[in-house]
Every structure is written in C-alpha cells, then in structure tokens.
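Residue-level listing of the chains:
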Amino acid sequence: MAFSTINPYTGETVKQFNDATDSEISAAISRADQTFAEWRQLAIAQRTVILQKAADILREKTQFFAEIITLEMGKIIGEARAEVELSASIFEYYVKNAEQLLKDQPLPVADPAEGQAVLVHEPLGVLLAVEPWNFPFYQIARILAPQLAAGNTLLLKHASNVPQCAEAFEKLMLDAGLPAGGFTNLFLPHSKIEYVLKDPRVHGVALTGSEAAGASVAQTAAKYLKKSTLELGGADAFVVLADAELDKTVEWAVFGRHWNAGQVCVSSKRMIIHEKIYDAFLEKYTAGVAALKAGDPMDNTTRLAPLSSQRAADNLKQQIAKAVEHGAIATEVGDKVPAQGAFVQPTILTNVTPDNPAYYEEFFGPVSMIIKARDDEDAVRIANDSHFGLGGSVFTADPQYGYQLAKKITTGMVYINHPTMVKADLPFGGVKRSGYGRELLGLGLKEFVNHKLIDIVDIDAPF
Ligand code: NAP
C-alpha cells in the first residue's frame with residue numbers, strides 16, 4: 001500500500017489506501033472518455049461556470065483544505081492557505097480568459113482570392129496528470145483548470161504521500177458540478193502508468209516531478225506517440241549584484257530558499273553573490289536563516305516546517321554529507337531543529353566548486369549554496385553553469401540593467417528583485433533538464449489542444 005498519509009511532523013501513519021486495480025483503471029478511462037464526448041460539446045461559458053464554483057468552494061473552505069495539505073506533506077498552515085487561494089485564482093483566471101484564449105484565429109493570407117484560413121482550438125480528449133506532493137493543490141489546479149476549460153477530461157496520479165489531497169480535490173470538483181469522469185483520482189502505482197498511456201482513448205500526459213520520473217514517463221508516452229509536457233527540477237540562481245539593496249535582498253533570499261521548507265522547484269538554491277558584497281551578504285543571510293523558528297506546521301508562528309517525509313530528510317542529510325566529502329564547507333545555522341519530525345537543520349554550503357557533484361545537484365530542503373562571483377558577467381556564467389533551466393532572479397538597484405542581464409540567463413523564468421512570482425497570470429516552465437512545455441496562461445491551455453486549420457478555398461483558386 002504505497003499511498004499513505006504519514007504526518008511528517010509526528011511520523012504517525014494516519015491512513016493507507018489500496019492501489020487501483022486494472023478494472024478500476026479501465027472503468028475510469030471509459031468514464032473519462034464518455035464524459036469527454038459530452039464535455040467538449042458544452043459552450044466554454046458552461047464549462048467555466050463549474051470552474052468558478054470550484055474557486056468559490058476553495059475560498060469558502062480554505063482552512064479545511066489547508067489542514068489536509070499540512071497534515072499530509074507538512075507545510076506551514078499559512079503557506080497551505082495561500083496555496084488554496086492561489087489554486088482558486090487559477091480557476092478564476094480561466095473563467096475570465098478561456099473564451100478569448102480559445103477563440104477561432106483567422107490567419108492572414110497573402111492573397112484574399114486564395115480563401116480564408118482559420119485556426120480552431122479543439123480539445124484532444126482524456127489526459128493523464130502525474131503530480132508531486134510539494135504543492136498538492138496548486139499542482140492539480142495548474143493543469144486541471146486550463147484543460148477542463150479547453151474541453152479535455154483528466155485522470156490524476158498524485159504523489160503517494162498526498163492521497164487525501166487527491167481525494168479532496170476530486171470531491172471538490174464533483175461538488176462544483178463537474179460530471180463524473182471529468183476529473184478522476186486514481187491511486188496508480190508507477191507500474192500502471194503504461195497501462196493508462198497505451199490506451200488509445202488517452203491522448204497525453206503532463207508530469208511535474210523529478211528528472212527520473214520525467215524521463216521514465218516521457219519515454220512511455222513516446223512509445224505510444226502521446227504528447228507529454230514535463231515540469232521538472234531546478235537549481236535556480238539568486239544573483240546579487242554589488243549595487244543591490246542588501247537588507248531587503250537578504251530578506252528575499254531567506255524567504256526564497258526556505259518557503260515550503262525549501263522544497264520548491266523554483267527555490268533560490270544557488271546564491272551567486274558579487275565579491276564586493278559577499279562577506280556582508282553571508283553575515284546577514286546567516287543571521288536571517290538563524291532566526292527561522294522550526295516547529296509544528298499547524299502552528300501559525302512556525303517559520304520552518306519539517307520536510308515531507310523522513311525519507312526526504314534522510315536523503316537530504318546524505319546529500320549534504322556527500323557534498324562535504326567532496327570539499328564543501330557545511331555550516332549548520334540556528335537553534336537545533338526538533339528531534340521529532342522530518343526536520344533538517346538549515347545548512348549553508350560554501351566552497352562548493354564545479355568538481356564537487358553537489359555543484360550541479362538540486363537540494364530539496366533548507367540547504368543554501370553560496371557562491372562568489374568576480375563580476376556581473378561571472379555571475380551570469382555561474383548561473384548558466386547548470387543542467388537545469390527553470391527560474392532564477394537578479395537583485396540590483398538598476399532594474400533595466402537587471403533586465404538586460406536576465407536576457408543572458410538560460411532559464412524559463414527570471415525575476416528582477418524577487419526570488420520568484422508564482423501567480424495565476426504568469427506562465428510556468430523551464431528549459432534544459434527542467435523539462436519542456438509550459439503551464440498556465442494560454443501557453444499551458446494550448447499544450448493539449450489540436451490547433452486545427454480550416455481553410456476555405458475558392459474552388460477556382462490555383463494550387
Ligand atoms: P517525484 O518522485 O518525481 O514524484 C513526482 C510524481 O511522479 C509523483 O506522483 C510520483 O509518484 C511520480 N513518479 C515518481 N517516479 C516515477 C516513475 N518512475 N514513473 C512514474 N511516476 C513516477 O518527485 P519528488 O522528488 O517527490 O518531487 C520533487 C521534484 O519535483 C523536484 O525535482 C522538484 O524540483 C520537482 N518539481 C518541479 C516543479 C515544476 O513545476 N517544474 C514543481 C514541483 C516540483 P510516487 O509518489 O508514487 O512516487
């Protein structure tokens with residue numbers, strides 16, 4: 001029974017769930033396909049009424065949903081509430097914009113005598129979403145809201161440590177009036193992904209998670225010629241130029257690295273600091289991290305949560321030890337974290353050189369890598385010296401100069417004077433080993449639609 005709720009703060013196994021059987025999976029695919037046949041025929045406004053209702057329920061029951069998130073993966077309750085609110089805002093984004101985004105698009109033709117060419121955006125059918133635990137509601141909303149708006153239906157394989165989040169989201173959608181089969185949670189073990197993707201009624205897969213999961217699922221999708229999008233890991237650079245306003249920058253650095261206990265694909269994982277301010281930054285940053293109070297994530301005053309599981313905590317500690325074996329200096333910061341629960345002591349890594357494997361790794365927890373840059377160009381070079389290409393940020397007193405520098409950074413997203421902005425009206429996604437495709441906005445919505453050309457040609461037009 002892989003799917004289990006294990007409270008990361010207490011270690012208690014709260015509830016276990018059985019894997020879906022083959023007949024349950026087949027029935028879910030059939031139902032999703034039947035529902036698709038009707039769902040796609042509805043006017044967009046009829047579909048978005050249900051999205052609005054889902055947003056309303058998320059807002060009415062924010063605390064209820066937030067507590068399930070915190071129980072299962074351990075994030076601080078205030079962050080869980082913010083995640084529920086963000087999910088509601090994603091639904092509303094598509095309520096407001098789906099009609100416009102899906103509008104037929106006339107194409108300019110060189111000679112009007114040739115006829116009239118139009119692109120129409122049609123849904124593909126049943127899709128599979130494979131999602132991670134770190135934002136168990138937001139990750140669903142990010143794929144579900146646009147794809148339902150577009151007219152597709154969805155099957156969910158959520159991470160095995162957030163089964164109650166998966167069930168709660170499924171119930172939320174039914175309560176909002178979505179017909180059964182519009183969104184179906186399946187407790188799907190890895191071994192059953194192929195069973196789903198080989199079914200001709202399933203037309204694509206969106207995965208958010210690790211490189212290993214992405215490579216495996218994309219390979220299976222390719223075998224059956226199904227479209228895939230991958231939102232994978234990151235080792236985002238947090239570049240601080242010599243002119244940056246230091247106190248505020250340090251505040252954002254502490255936040256950027258430690259929200260969600262550092263378990264964010266777009267956490268500020270590599271601080272790249274201009275040598276002129278390196279010592280001052282390190283001193284203030286260390287003090288800022290030391291002030292984070294670790295404790296019960298259900299307590300509103302806690303500032304550092306446990307990791308999502310004891311296994312995640314053990315893996316991170318091993319990763320730190322390996323970095324040190326290869327020459328890094330690890331400085332543990334702040335009061336001792338509680339002995340109970342999946343905590344990891346906040347750790348600052350310095351002296352991490354490119355010959356240390358850690359230099360290129362993603363640390364998924366409260367571990368900060370601090371690297372000194374000789375000058376601005378050196379900072380960009382270090383930022384780009386990564387297998388990942390997800391997000392990143394540049395802190396400077398001159399935003400226009402920061403903008404020019406951002407153009408040289410090879411990632412999907414760069415923020416000036418902010419660690420990251422995760423919002424309903426900004427796109428999300430990366431390049432290199434951070435994956436391919438985009439989520440949110442029209443970009444995300446159009447990943448799984450057929451951009452069909454209809455060309456009305458005068459019968460007398462030449463070929
Ligand atoms: P993970 O192990 O890859 O899990 C993510 C999802 O993939 C889960 O549903 C998991 O199921 C499934 N999965 C794992 N291995 C699989 C396989 N071989 N075949 C099929 N499915 C598989 O990811 P994680 O380590 O828990 O999560 C953190 C990673 O996700 C980090 O690298 C983080 O940066 C990345 N992430 C990226 C984004 C983004 O938008 N770019 C957002 C959040 C997280 P089980 O739970 O059953 O194993």
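Residues numbered from 1 in each chain as written. Predicted model: local features only at pLDDT ≥ 70, side-chain atom pairs only at ≥ 80, totals over all residues. Heavy atoms only, no water.

As for the overall build of the protein
We apply this condition: To qualify as a helix, a DSSP run of H or I must reach at least 4 residues; to qualify as a strand, a run of E must reach at least 2; elements of each kind are numbered from the N terminus. When we talk radius of gyration, it's over C-alpha atoms, and the globule rule is simply 2.2 Å times the number of residues to the 0.38. Between buried and exposed lies partly exposed: a residue is buried under 20% and exposed over 50% of the maximum accessible area for its type, with that area taken using a 1.4 Å probe on protein chains only. Note on definitions: a residue-residue contact is assigned when non-hydrogen atoms from the two residues lie within 4.5 Å. Each accessible area is a Shrake-Rupley estimate made with a 1.4 Å probe; only the visible protein chains count as cover when residues are assessed. Positive residues here are Lys and Arg, negative ones are Asp and Glu, while His and the chain termini are left out of the count. A charge is said to be at NZ when it belongs to Lys, at CZ for Arg, at CG for Asp and at CD for Glu.
Regarding its fold elements, the protein presents 14 helices and 20 strands. In summary, the protein has a C-alpha radius of gyration of 23 Å against a globular reference of 23 Å for 463 residues, a match within 12%. Along the longest, intermediate and shortest principal axes, the C-alpha atoms of the protein span 75 × 55 × 40 Å. By the burial criterion, 54% of the 463 residues in the protein qualify as buried. For the protein, the share of sequence-separated contacts (at least 6 apart) that also reach a separation of at least 24 residues comes to 73%. Per element, the accessible surface of the protein, about 19200 Å² overall, is 55% carbon and sulfur. Treating the 43 positive side-chain charges of the protein as one cloud and the 56 negative ones as another, the clouds have centres 2 Å apart.

Some remarks on the site of the ligand
Threshold: Whether a residue is near a molecule or strand is decided by its heavy atoms; if any one of them lies within 4 Å of it, the residue is near. Nitrogen and oxygen atoms within 3.5 Å of one another constitute a polar contact, given that in protein one can donate a hydrogen and the other can accept it, and given that sequence-neighbouring residues count only through two side-chain atoms. Amino acid classes used here: Ala, Val, Leu, Ile, Met, Phe, Trp, Tyr, Cys and Pro are nonpolar; Asp, Glu, Lys and Arg are charged; the rest, including Gly, are polar.
Around the ligand sit 28 residues, and of these Glu131, Trp133, Ser210, Leu232 and Glu362 come closest. Here Gly209 contributes a backbone N or O atom positioned 3.2 Å from an oxygen atom of the ligand. Isolated, the ligand exposes 900 Å² of accessible area, and the fraction of that covered by the protein chains is 84%. Every element with two or more residues in the shell around the ligand is listed here: α5 (138-150) and α8 (211-223). The biggest single contributor to the shell around the ligand is α8, with 3 residues. Considered class by class, the residues forming the shell around the ligand number 12 nonpolar, 11 polar and 5 charged.

A look at the environment of Pro112
Note that Pro112 resides in the loop between β3 (105-107) and β4 (116-123). For Pro112 and Asp458, which are 346 residues apart along the polypeptide, the C-alpha to C-alpha distance reads 9.7 Å.

Describing the sheet that holds strand β11 (residues 268-274)
Quick reminder of the rule: DSSP calls a pair of strands paired once it identifies at least 2 bridges connecting them.
What the 7 strands build is an open sheet, ordered β12-β13-β14-β11-β10-β16-β17; its pairing is mixed. Every other strand in the sheet has two partners, leaving β12 (329-332) and β17 (415-416) as the edge strands with one partner each. Taken together, the 2 bridges between strand β16 (residues 392-395) and β17 define a ladder with parallel strand orientation. Looking at β17, one finds that Val394 is bridged to Ile416.

Points about the packing of aromatic side chains
Put simply, the rule is: Aromatic pairing here means that ring centres of Phe, Tyr or Trp (its six-membered ring) are within 6.5 Å. Orientation follows from the plane angle: under 30 degrees is stacked, over 60 is edge-to-face, and everything else is tilted. Over a ring means this: the NZ of a Lys or the CZ of an Arg is within 6 Å of the ring centre and within 35 degrees of the ring normal.
By the definition in use, this model includes 17 aromatic pairs. Just above the ring of Phe64 sits the side chain of Lys61; from NZ or CZ to the centre is 4.7 Å. Over the face of the ring belonging to Phe428 we find Arg142, whose NZ or CZ atom lies 4.3 Å from the ring centre.

A few points about unusual backbone geometry
Unusually for a residue other than glycine, Asn351 sits at a positive phi of about 55 degrees. Secondary-structure assignment places Asn351 in the loop between β13 (347-350) and β14 (367-373). Positioned with a positive phi, Leu440 is a non-glycine residue whose angle comes to about 75 degrees.

A look at the UniProt feature "domain: Aldehyde dehydrogenase" (unreviewed entry) in the protein
Under the convention used in this document: UniProt positions are given in the numbering used here, feature names are shortened, and annotations may be inferred rather than shown by experiment.
Per the UniProt record, "domain: Aldehyde dehydrogenase" (unreviewed entry) is annotated on residues 3-453. Secondary structure over residues 3-453 splits into 40% helix and 20% strand, and the C-alpha atoms at its two ends are 44 Å apart.

Focus on the nonpolar core
Convention followed: Grouping buried Ala, Val, Leu, Ile, Met, Phe, Trp, Tyr and Cys residues that are joined through side-chain atoms within 4.5 Å yields what is termed a nonpolar core.
With 67 residues, the main nonpolar core has Ile90, Phe91, Tyr94, Leu144, Phe169, Met173 and Phe183 as its most contacted residues. Those elements giving two or more residues to this core turn out to be α2 (44-60), α3 (62-73), α4 (77-101), β5 (126-130), α5, β6 (153-157), α6 (163-175) and α14 (441-445). The biggest single contributor to this core is α4, with 11 residues. Once you skip the residues sitting within four places of it in the chain, Phe183 turns out to touch Ile140, Leu144, Leu154, Leu156, Phe169, Glu170, Met173 and Leu178. Formed by 31 residues, the second largest nonpolar core is a distinct cluster that contains Ala305, Ala342, Leu349 and Ala358.

So, helix α1 (residues 22-39)
Under the convention used in this document: The length a helix should cover is 1.5 Å for every residue beyond the first. By construction, the arc corresponds to the directions joining the helix axis to the C-beta atoms.
The end-to-end C-alpha distance of α1 is 25 Å, a good match for the 26 Å that 18 residues give at a rise of 1.5 Å each. Within α1, burial applies to Ile25, Ala28, Ile29, Ala32, Thr35, Phe36 and Trp39. What you see down the axis of α1 is that its buried residues fit within an arc of 135 degrees, all on one side. Residues of α1 that are exposed and point over 90 degrees away from its buried face: Ser23, Gln34 and Glu38.

Focus: the side chain of Glu83
Considering the arrangement of structural elements, one finds Glu83 in helix α4. Leaving out residues up to four positions away in the same chain, Glu83 has contacts with Ile69, Lys75, Asn134, Phe135, Pro136, Phe137 and Tyr138.

Considering helix α10 (residues 278-290)
Its 13 residues give α10 an end-to-end C-alpha distance of 18 Å, which sits within 8% of 18 Å, the value for a rise of 1.5 Å per residue. Among all positions in α10, only Tyr278, Phe281, Tyr285 and Val289 are buried. Burial along α10 is one-sided: seen end-on, the buried residues are contained in an arc of 60 degrees. Turned more than 90 degrees off the buried face of α10, the exposed positions are Asp279 and Glu283.

Quick look at the side chain of Thr347
Among the structural elements, Thr347 can be located in strand β13. In this structure the side chain of Thr347 is engaged in a polar contact, spanning 2.8 Å, whose partner is the backbone oxygen of Gln345. If we skip the residues at most four places from it in the chain, Thr347 touches Ile320, Ala330, Thr331, Glu332, Pro366, Val367 and Ser368.

Quick word on the pairing of strand β9 (residues 227-231)
How we decide: When the strands point away from the viewer and the connection leading from the first strand across the helix to the second strand turns clockwise, the crossover is called right-handed.
In terms of burial, β9 is largely enclosed, as 4 of its 5 residues are buried. The pairing of strand β8 (residues 202-208) with β9 spans 5 bridges and is classified as parallel. Bridging across to β9, Gly204 finds its partner in Lys227. Handedness of the crossover is the feature at issue here: the chain leaves β8, passes through α8, returns alongside β9, and the resulting connection is right-handed. Of the strand pairs in this sheet, β9 and strand β19 (residues 435-436) are connected by 2 bridges, and their pairing is antiparallel. Bridging from a neighbouring strand, Leu230 pairs with Tyr436 of β19.

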